[in-house]
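Examining the three-dimensional arrangement
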Amino acid sequence: MNLYDEGLIISLRKFSDSASLMKVLTKNHGIYSGLIRLSKKNGNMGVNVPGNLININWRARLSEHLGFFNSELIKSRSSIYLNSSTNLEVLNSICALLDIFPEREECKEIYELANELFNNLDNIFVWSILYIKFELLFIEKMGYGLDLDTCAVNGSNKNLSWVSPKSGRAVSEEGAVGWEERLLRLPNFFKKIDSTISKEDIIDGLKLTEYFLNKRVYSQQAKNLSSSRMRLVEHLKNNLIKN
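Here's a quick rundown of the structure. (Residues numbered from 1 in each chain as written. Predicted model: local features only at pLDDT ≥ 70, side-chain atom pairs only at ≥ 80, totals over all residues. Heavy atoms only, no water.)

Time to look at the overall build of the protein. Helices and strands together make up the secondary structure of the protein, namely six helices and eight strands. Secondary structure elements of the protein, listed N to C terminal, follow the sequence β-β-β-β-β-α-α-α-α-β-β-β-α-α. Over its C-alpha trace the protein gives a radius of gyration of 20 Å, about what one expects of a compact globule, namely 18 Å for 243 residues. When its C-alpha atoms are laid out on the principal axes, the protein stretches across 65 × 40 × 30 Å. (Helix = DSSP H or I, 4+ residues; strand = E, 2+ residues; numbered from the N terminus. Rg over C-alpha atoms; globule rule 2.2 N^0.38 Å.)

Here you go:
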């Protein structure tokens, strides 16, 4: 079996003295794992680095086998991560999520959003919003999507400002009266694309996705959120400028 695609390298781990185990988020075929031979003669030592965008050929005798990769660099992002500890935390946080995503499940939206995020690491407000949207999409693709279109209390689609931690559904200002302390804040940019985005919106968005990642995703995996994400949140709290 031969598979050709482009992909984003998620992880690279030592397998033997002559090969590494690589995991790639492909554009059209989901996540694939395979062995990549280590050889300076092949010129692949700086190609197969997490975060890099590559063309891949995955081949195996049978589809259920581990298989082998051949790779060709499309876009190197190594310098972006090596020159910024924050960018490295973003990469590690995204890759930690993708590491628990089921292999060979279609996830083109995740692939496209991840690349958009990595292409905007020079703007803290842009990438922080994309990061939150990535986590929200990840939760959805893991089968635990939130319903943020109408109020869980009165069915209205207006003034949606809260989310129920129990149901994962939006709640309007009117429906939340008296219950605000038990609800999670719904950031403005979840509702309006052109809304003015504040530091508080981004922090609220991170709190929202963190809650449902823990409750609906990581609790099923018997795992915890990555330490990279924790450091990333602290960085945003300390470095975002209030609007």
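Attention now moves to the pattern of salt bridges. When their charged atoms lie close together, side chains carrying opposite charge are able to pair. Evaluation of the coordinates by the stated rule reveals 11 salt bridges. One salt bridge connects K23 with E103, and the closest N-O pair in it is separated by 3.9 Å. You can see K23 sitting in strand 2 (residues 19-26) and its partner E103 sitting in the loop between helix 2 (85-98) and helix 3 (108-118), a full 80 residues away along the chain. Classification of K23 as buried rests on a relative accessible area of 11%. (Salt bridge = Lys/Arg side-chain N within 4 Å of Asp/Glu carboxyl O. Buried < 20%, exposed > 50% of the residue type's maximum accessible area, 1.4 Å probe, protein only.)

Orientation of helix 5 (residues 199-221) relative to helix 6 (residues 227-239), taken along the N-to-C sense of each, is 165 degrees, at an axis distance of 10 Å. With respect to their mutual orientation, helix 5 and helix 6 come out roughly antiparallel. Handedness of the helix 5/helix 6 crossing: left-handed. Across from K199, I203, L206, T209, E210 and L213 in helix 5, the residues of helix 6 making contact are R229, V233, L236 and K237. (Axes fitted to C-alpha atoms, helices over the stretch in contact; angles between N-to-C directions. Parallel < 35°, antiparallel > 145°, perpendicular 65-115°, else oblique. Left-handed = near helix turned anticlockwise from the far one by under 90°. Contact = heavy atoms within 4.5 Å.)

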